[in-house]
Amino acid sequence: AIFGVQGDIYPETLWKMFCINVPYTFNVVWRIIQPWLDDTVIQKIKLIRSRKDIVPSMQACSIPIESIPKACGGESDLVRMADIIDELIDNPGGDETETF
């Protein structure tokens, strides 16, 4: 019911979700909840258990290597949202010592 309501209110808001380094237990849980999910949602969620499969899996979905973070084997120097928040907390006056 909850998944149905979410889908009715926010249709097609998820393009693709990559779950990286998922443990075996997550795979078991995923298999249990799949029958309650729409096939469209299931096709959008990709479980990646091995680090070596991250880049090929993302590139198979037409994500260019330049958009994949370096931490995942790509070439992007993405800034983590947590780093931005930490900077704002540490520097609330915003004297622009760091540029994002």
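Sequence order as written defines residue numbering, which begins from 1 separately in each chain. With pLDDT at 70 or above as the cut-off, local features in this predicted model cover only qualifying residues; side-chain atom pairs require 80 or more to be listed or tallied, and sums for whole chains, interfaces and linings still use all residues. Computation of side-chain values covers all heavy atoms of the structure but excludes hydrogens and water.

A. Up close: the overall build of the chain. The way it works is that DSSP assigns letters per residue, a run of H or I at least four long becomes a helix, a run of E at least two long becomes a strand, and they are numbered from the N terminus. The helix and strand inventory of the chain stands at 5 helices and 2 strands. When the helices and strands of the chain are read in sequence order from the N terminus, they spell out α-β-α-α-β-α-α. Of all 100 residues assigned to the chain, the portion counted as buried reaches 23%. Burial here depends on accessible area, computed with a 1.4 Å probe over protein chains only, as a share of the maximum for the residue type. Under 20% is buried, over 50% is exposed, and the range in between is partly exposed.

B. Region of interest: the confidence of the model for the chain. What pLDDT expresses is the predictor's confidence in each residue, scored from 0 to 100. Looking at the chain, the pLDDT average stands at 81 and 81% of residues meet or exceed 70. Looking across the chain, the model is least confident in helix 1 (residues 2-9), with a mean pLDDT of 60, and most confident in helix 4 (residues 54-59), with 92.

C. Seen up close, the pattern of salt bridges. Basic side-chain nitrogens of Lys or Arg form a salt bridge, by our definition, when they fall within 4 Å of a carboxyl oxygen of Asp or Glu. Summed over the entire model, instances satisfying the criterion amount to 2 salt bridges. For Lys52, the salt bridge identified is with Asp53, shortest N-O distance 3.4 Å. When its relative accessible area of 31% is taken as the criterion, Asp53 is described as partly exposed. For the salt bridge of Asp77 with Lys70, the shortest nitrogen-to-oxygen distance reads 2.9 Å. In this structure Asp77 comes out as exposed when scored by relative accessible area, which is 60%.

D. Just the nonpolar core, in detail. Core analysis: the largest hydrophobic core is formed by 10 residues, namely Phe18, Ile48, Ile54, Val55, Met58, Cys61, Ile63, Ile65, Ile68 and Cys72. Among the elements that line this core, the one with the most residues is helix 4, at 3 residues. By definition, residues are in contact when any of their heavy atoms lie within 4.5 Å. Look past the residues within four positions of Cys72 in its chain and what remains in contact with it is Ile20, Arg51, Ile54 and Val55. Take the buried residues of types Ala, Val, Leu, Ile, Met, Phe, Trp, Tyr and Cys, join any two whose side-chain atoms come within 4.5 Å, and each joined set is a nonpolar core.

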